[in-house]
Structures are given as structure tokens and as C-alpha cells.
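What the coordinates show
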Amino acid sequence: MARYRYPKIPESEVTPEPLYRARRKFLRQSAGLAVAAAAPGLLIKPAAAWQGGLDAVPESDLSTDESLTSLDDITSYNNFYELGTRKRDPSDWAHQLQTDPWTLSIEGEVNKPGKLDLDDVIRPDELEERIYRLRCVEAWSMVIPWVGFELRKLLERHEPTSRAKYVVFESIYDPDNLRGQRRDIIDWPYREGLRMDEAMHPLTLLAVGLYGKPMPNQNGAPIRLVVPWKYGFKSIKSIVRIRLQEEQPMSAWEEKSPEEYGFYANVNPHVDHPRWSQARERRIGESGRRETLMFNGYEDEVAHLYEGMDLEKYF
Amino acid sequence: MFNKKTAINAFRLLVLVACAGPALWLGWAWTQAELGANPAEAVVHFTGRFGLGLLLATIALGPAFRLTGWVGFMAARRQMGLWAFVWLCGHALAWMGLDQYWDWPWIWQDLWGLEYVRYGVAGLLLLVPLVLTSFRAAQQAMGKVAWQWLHRLVYISATLGVVHFWILTRADYRDVTLFAIVLAALVAFRLGCVVVDRRW
């Protein structure tokens, strides 16, 4: 099996040293400022400490340098059926999602299961900015500057057992507040899953912010998954439960239409969806279409996970 | 005061405004960036829904006349049917131009690769003979019975349109169900008339 390698960075992308030094200095200063700014709040509510520093986290080597989609487009064009099925519904009804307090359960095949407060899940020193392409199965795409940390860091803290083969995620279920959940559009709560090696991959992120600010509700506050080489629906929003198990789980979309939404849902220009040709995509904010890249452009990083698999069968 | 003719003309004017007005709104919304992050998709969806809605409304004018006896409904029928065709052509052009950027190989590939596109195109093409025979001289040349039979193709076209909409709906079937119910009611009314009149 090919060993995983971090992508090579072209010379043009390397920051010149004076800029690099200036940036480090700026980060140190802003980090200091963030701590100072959070200090009065610490007495009342230590929770907000990580939120204040989201704009000062280091940028990851795994980021793309493609131009960012505007904040306005990222936050007003969403699929988040808990808040409604139209693209504008999630931003219109974002206030219905209650994100504080928030607990995240980690259970199943782990030595240290637990029900954690969000502030115990998020460790400020693990946060990075990750600029990823996002490709929706509906054939549109965006470039989003997430702030988050690698899922594997959280999983490792809870010590997966040898029987942990898959990770299952579950979104918030709150039909009293979330208008979309009062109708049987899909079988609530929303569920998604990853194979263990996919979950442990360095690209797989738990995101808590974007554009240096806490995650907007319509984008899956307070904590969501981001799996950039898979269609957007795999990147489950507003997670309340993470469960490790031996059997392959069934995702909410897969259960609804197994012939349309496979478990893997890897971005693949060669396998069409019955409703959308996947060969090309519309980058939001751009005119024209661009050709869709295998694994959404993350082929060098993830192709080895699927070596020997028939991707038409395991779509 | 209002005589019968004024009422009919007023209704025809109302139909004109109702059919053309949304085009002005759409153009305005486009220039004002009111169509959201994906304006091309918004235009394709709006033209499709409005065009299919107008096609069903056109079919509904027949039953409306039969139930009320008011000739204004029939007087507006050709106009509304032609508007439905215009909107559905706009829908097809918006798909080819705004969504596919006139990329003919890709358009061709989607046409044969995606089932719902085929149904939509077939539904639109079925309307062409109806449009070509919509003027009075064609009606007279064909004879009334033949003309009526030809124009019943509108039911097949509308059905293809609803099937097209149904297939491309991802999960929330409220809107397309409404279209399907209206279509089913119109077909049922038409079949009911056959029973009552004892003739096709």
C-alpha cells in the first residue's frame, strides 16, 4: 500500500522569509490580544476563549490557494434540511438552531467514552485554518476557509479499540425548534459515516469556524465534519454523537435512496448521479463550468484509501 | 359600463400582464443580484416552474369555461398556451446558455445521459406542432376534429413536464406533488367529460 505523503508545495506558494517572520510576529501578538480580550470573560464563561482566537490560528499546509468563495455566498446558499430544503432556508431560519449549551457524545468501540462539553472537545492549540474545496453532489462547488482540527486528534484521545472499523456521526435532533425536522423529508436525525482510515486521514476535519469566526448556524454550528474529497452531504453538520463500531453504518441519504447516494460518496467525475452529471461543476461566484477533479482534487492524498476498489460499485 | 366584450378584453389583458410580468421581475432581480449565490440555477428553476404552471393553467381554461360558461376563458386560451411555450423555451435556453454555457458536446451528453432531460425535451418538442397550428387558418385547414385531437397532445406534454420535475426533485416533493395533483385533476375532468358527453 502506498504510504501517505503530504502534498508537495510548489516553490511559488512558499512565503518569502520576511513575510513569514512578520506573520509569526503578527500571530503571536494577536494571540496575546485574544487571550487578553478573553480574560474578563474567563471569569464568567470560559467557553468563549477558543471562539475569540479563531482569526489568529495558523494556516495549514493542506490548504488550497484557490480564490475563496465570498462569505455571503457561503452563508446564504446552503443545504441544511433541518432548517428547510430551499437554499435560503438555512440562513433565514438559522436562529432556530440552539447551539449553547452543546454536548458531544463519544461512544461505542472506544476505551474512553464520554459525554463532553464542547469546550472540552475544542483545544485551541489544535486549531488551524484549512482552505478546502467543497463539492456538492448537486454539481456546484465552493472554496471555504474552515477553522478546525483533525478528527483523528479527538478520536485518539478516546482510544479506539481494535474493533473500531467505522465511525458514525449523528446531527442534532430537535423538531420543536428545527422546522425542517417536523416533516419526513429524510429519516431524522441525520446520520453519516466514515471508514476508520477515512476518519483518521489528516484531511478529515472537525470544523468550528469559517473565515476566522465561529461557525455560522446555517453552516453547521457549533461543530461539523468536513471531508473535502467527498460530496458535501458526507460532511455532516451540528454533530451531537460520534460512535465507533465494527459494522458499516447506513447514512441518512443512503437509506433514502441507496441507488443514488452511496456510502463512500467520493467526488468522481466518471460516475454520474441520475440527476446531475458529475463531470463538471459550477464554482459559486464564477461563470462557466469547470471540470470536476477526481476526489475533488485530493487524489494524491486519498487515492490509496480506495486502491483495488471498483468505484462504480462503491460509489 | 362593463359589457361582455370589455370583460373579455380585460381578462385577456390580465393574462398578458400575468404572463409577461414575471419576465420583467426576473430581469430586474438578475440585475439587482436578488437571485442568490447561483442566479443561473434560480432562472432555470423559475422559468421551468412558471412555464409548466402556465401550461397547466392553459389546460384548466377549458374546464373553467365548461363549469362557468364564460367565453373569456376560451378567448385567452391561445394566448396563454403560447406564453407557456415561450416560458418553457426560455427554460430550455436558460439551461443551455446559463447552465451549460452553450457547450454543445456537454449538452448532447446530458441529453442522452440524464433521463429527466430527455423527458423535458420531449415535452417541449410535443408543443411545437400545437404552436405551429395555433392560428385560425391552420385550424380551419385541419378541420375542427383533427385540430382538437392534435391539441390533446398538451396532456402528454404536461405529463412529461411533471415527470421531468418529479425525477429531478431531490427530497422535498411538496411542489411537484402540487403540480401532479393539478394535472391529475385536469385529466380526470377531461375523462369525466367523455363519460358525460358519451363521446371523445
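Residues numbered from 1 in each chain as written. Chains lettered and ligands numbered in written order. Predicted model: local features only at pLDDT ≥ 70, side-chain atom pairs only at ≥ 80, totals over all residues. Heavy atoms only, no water.

A look at the packing of aromatic side chains
All names here are of chain A.
- Tallying each qualifying case throughout the model produces 21 aromatic pairs over all chains.
- Ring plane angle 50° and centroid distance 4.7 Å describe the contact between Trp253 and Tyr261, whose orientation is recorded as tilted. Just as Trp253 is buried, Tyr261 falls in that class too.
- Each ring, one from Tyr264 and one from Tyr314, has its centre 6.2 Å from the other, and the planes form 90°; the classification is edge-to-face. You can see Tyr264 sitting in the loop between helix 8 (252–256) and strand 11 (280–283) and its partner Tyr314 sitting in the segment after helix 9 (299–302), a full 50 residues away along the chain.
- You can call Tyr264 buried: its relative accessible area is 6%.
- Here a set of aromatic residues connected by ring pairs shows up, and it is made of Tyr166, Phe263, Tyr264, Phe295, Tyr306 and Tyr314.
- Directly above the ring of Tyr298 sits Arg133, whose terminal nitrogen or CZ lies 4.6 Å from the centroid. (Phe/Tyr/Trp six-rings, centres within 6.5 Å; stacked < 30°, edge-to-face > 60°. Buried < 20%, exposed > 50% of the residue type's maximum accessible area, 1.4 Å probe, protein only. Helix = DSSP H or I, 4+ residues; strand = E, 2+ residues; numbered from the N terminus. Lys NZ or Arg CZ within 6 Å of the ring centre and 35° of its normal.)

Things to note about the interface of chain A and chain B
- Each side of the interface is counted separately: chain A has 30 residues, and chain B has 22 residues.
- Roughly 2,100 Å² is buried in total at the junction of chain A and chain B, and carbon and sulfur atoms are behind 45% of that figure.
- Counting the surface chain A buries against chain B, the share from its top three residues, Arg275, Arg280 and Arg282 of chain A, is 31%.
- Scanning the region where chain A abuts chain B turns up 5 salt bridges.
- A salt bridge links Asp99 of chain B to Arg282 of chain A, with the nearest nitrogen and oxygen atoms 3.6 Å apart.
- On the surface where chain A and chain B come into contact, there are 14 residue pairs in polar contact (both at pLDDT 80 or more).
- Those elements that provide at least two residues to the side of chain A that touches chain B are helix 8 and strand 11 of chain A.
- Residues that form the side of chain A that touches chain B fall into these classes: 11 nonpolar, 7 polar and 12 charged. (Contact = heavy atoms within 4.5 Å. Buried area = accessible area lost by both parts, 1.4 Å probe. Salt bridge = Lys/Arg side-chain N within 4 Å of Asp/Glu carboxyl O. Polar contact = N/O pair within 3.5 Å; in protein donor to acceptor, adjacent residues only side chain to side chain. Nonpolar A, V, L, I, M, F, W, Y, C, P; charged D, E, K, R; others polar.)

Observations concerning the confidence of the model for chain A
- On average, residues of chain A carry a pLDDT of 89, and 85% of them reach 70 or more.
- Confidence drops under pLDDT 50 across residues 41–46 of chain A; counting only partners more than four residues distant or on other chains, this segment forms 3 contacts. (pLDDT = per-residue confidence, 0-100.)

Remarks on the UniProt feature "binding site: Mo-molybdopterin" (unreviewed entry) in chain A
Residues and elements named next belong to chain A.
- Per the UniProt record, "binding site: Mo-molybdopterin" (unreviewed entry) is found at Asn78, Tyr81, Glu82, Cys136, Ser171, Asn219, Arg224, Ser235, Ile236 and Lys237.
- Residue position: Cys136 is located in the loop between strand 3 (128–135) and strand 4 (140–150).
- Not counting chain neighbours up to four residues away, the residues in contact with Cys136 comprise Asn79, Tyr231 and Gly232.
- Turning to its location among the elements, Ile236 is positioned in the loop between strand 9 (224–226) and strand 10 (239–245).
- With residues up to four places along the chain from it excluded, the contact list for Ile236 reads Phe169, Glu170, Ser171, Tyr190, Arg191, Glu192, Arg224 and Leu225. (UniProt positions renumbered as here; feature names shortened; annotations may be inferred.)

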